[in-house]
Amino acid sequence: MGDVPAARSVLRVLGYLAAQAGPSPAAAVAHHLGLPRSTVYHLLSVLADEGYVVHLPEDHRYGLGTATLSLGSAYARQAPLARLARPVVAHLVESTRESAHLAVLHGREVLYLVEQRAPHRPSLVSDVDVRLPAHLTASGRAVLARLPAAQVRALFPSASILTDRTGVGPRTLQALRAVLRDARRRGHAVEDGEVTDGLSSVAHPVVDHTGYPVAGIALTFRSDDVTGARREALAAAVGRAAAQVSRRLGASG
């Protein structure tokens with residue numbers, strides 16, 4: 001089947017708007033995508049008529065419309081990400097003998113889509129459809145560390161939002177930024193006793209074909225049982241699993 005330029009341009013416009021921290025001027029869309037302004041204005045007008053884009057006339061900007069929410073809900077219902085990730089997570093549990101899960105960012109929380117418990121391991125508060133504060137979980141931190149700084153600031157505008165569960169964890173925005181910097185430096189995210197006392201986790205982000213972090217995969221284990229080289233080995237195993245799911249989503253490499 002031949003290429004359909006108009007359809008491809010529509011998808012590129014929606015993809016660009018979805019990747020921004022806020023609404024964008026049409027000129028910025030045209031410049032970034034290398035499309036004529038007249039074409040972009042026409043596409044935005046059609047998308048606005050259909051509810052996929054909203055025009056903010058006072059700001060001369062365009063953002064995603066409410067119709068995209070129904071697409072997101074449909075995606076969640078069909079759960080292709082969970083289906084693609086489930087066998088990979090199962091293999092991760094089998095090879096490490098630790099419990100693993102996959103979670104997506106849902107506002108300032110993570111929503112667990114896949115949960116695989118290892119035999120004879122500690123019970124966990126996480127489960128499918130459970131939500132936990134993203135800034136406390138390793139999977140949430142893995143995703144947040146890959147997001148644009150402006151998007152993280154929009155999600156966490158003040159320190160009052162930084163709740164805790166066990167009395168430990170970042171209490172200031174500066175502390176949260178340090179946690180995310182550490183995740184980027186390490187190449188993976190960690191948490192120690194911040195979700196459940198005595199348990200720790202390591203996580204890597206899952207990215208789509210654009211490199212955008214769509215989920216986090218994590219292993220959870222007893223803090224006292226896993227130290228030093230064993231933690232690094234578990235982090236590497238999670239990294240391989242995350243890379244495999246990313247490739248299934250079309251990511252290169």
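As the structure is a computational prediction, the values presented were derived from the model and not from experiment.

Peer 1: Would you mind showing me how to read the confidence of the model for the chain here?
Peer 2: A low pLDDT score tells you not to read the predicted coordinates there in detail. Scored by pLDDT, the chain has a mean of 89; 94% of the residues are at 70 or more. Within the chain, helix 4 (residues 67–78) has the poorest average pLDDT of any element, 64, and helix 6 (residues 138–144) the best, 97.

Peer 1: I keep staring at helix 9 (residues 228–248) and nothing clicks. Help me out?
Peer 2: Each α-helix winds once per 3.6 residues, and so residues spaced three or four apart point in a common direction. If you check helix 9, its first and last C-alpha atoms are 31 Å apart, about what 21 residues at 1.5 Å a residue would give, namely 30 Å. Inspection of helix 9 places Arg 231, Leu 234, Ala 235, Ala 237, Val 238, Gly 239, Ala 241, Ala 242, Val 245 and Ser 246 among the buried residues, and these make up the whole buried set. Buried residues in helix 9 make contact with helix 5 (80–96), strand 6 (189–192), strand 7 (199–207) and strand 8 (213–222).

Peer 1: What should I look at first to understand unusual backbone geometry in this one?
Peer 2: Excluding glycine, most residues fall at negative phi; most peptide bonds, likewise, are trans. The phi torsion at His 60 lies on the positive side, around 55 degrees, for a residue other than glycine. Assignment of secondary structure puts His 60 in the loop between strand 1 (53–56) and strand 2 (61–64). At Arg 97, a residue that is not glycine, the phi angle is positive and equals roughly 60 degrees. Within the secondary structure layout, Arg 97 lies in the loop between helix 5 and strand 3 (99–106).

Peer 1: In this structure, what is going on with the sheet that holds strand 6? I would like to understand it.
Peer 2: Across a sheet, paired strands are connected by hydrogen bonds in the backbone, their directions being either parallel or antiparallel. Pairing in this open sheet of six strands is antiparallel, and the strands run 5-4-3-8-7-6 from one edge to the other. Strand pairing shows two members of the sheet lacking a second neighbour, strand 5 (131–133) and strand 6, which therefore form its edges. Strand-to-strand twist of the sheet, defined as the mean angle between neighbouring strand axes without regard to direction, takes the value 30 degrees. The sheet contact formed by strand 6 and strand 7 spans four bridges and is antiparallel. Paired with Val 190 across the two strands is Val 202, which belongs to strand 7. Its contacts with the sheet put helix 9 on strand 6, strand 7 and strand 8, and the angle it makes with strand 7 is roughly 30 degrees.

Peer 1: Where do I start with the packing of helix 2 (residues 26–33) against helix 3 (residues 37–49) in this structure?
Peer 2: Packed helices, taken two at a time, are described by the angle their axes make and the gap between the axes. Interhelical geometry of helix 2 versus helix 3 gives an angle of 120 degrees and a closest axis separation of 9 Å. Taken together, helix 2 and helix 3 sit at an angle that is classed as oblique. Both helix 2 and helix 3 take part in a crossing whose hand is right-handed. Here helix 2 contributes Ala 26, Ala 27, Val 29 and Ala 30 to the contact with helix 3, which in turn contributes Arg 37, Val 40, Tyr 41 and Leu 44. Across the contact of helix 2 with helix 3, the residue classes break down as seven nonpolar, no polar and one charged.

Peer 1: I'm lost on the environment of Val 195 in this one. Help?
Peer 2: For Val 195, the location among the structural elements is in the loop between strand 6 and strand 7. Using a relative accessible area of 11% as the deciding quantity, one classes Val 195 as buried. Ignoring sequence-local partners within four residues, the contact set of Val 195 consists of Val 125, Leu 132, Leu 136, Thr 137, Arg 165 and Thr 166.

Thresholds, definitions, all that
- Residues numbered from 1 in each chain as written.
- Predicted model: local features only at pLDDT ≥ 70, side-chain atom pairs only at ≥ 80, totals over all residues.
- Heavy atoms only, no water.
- pLDDT = per-residue confidence, 0-100.
- Helix = DSSP H or I, 4+ residues; strand = E, 2+ residues; numbered from the N terminus.
- Expected span 1.5 Å × (residues − 1).
- Buried < 20%, exposed > 50% of the residue type's maximum accessible area, 1.4 Å probe, protein only.
- Contact = heavy atoms within 4.5 Å.
- Pairing = 2+ DSSP bridges.
- Axes fitted to C-alpha atoms, helices over the stretch in contact; angles between N-to-C directions.
- Parallel < 35°, antiparallel > 145°, perpendicular 65-115°, else oblique.
- Left-handed = near helix turned anticlockwise from the far one by under 90°.
- Nonpolar A, V, L, I, M, F, W, Y, C, P; charged D, E, K, R; others polar.

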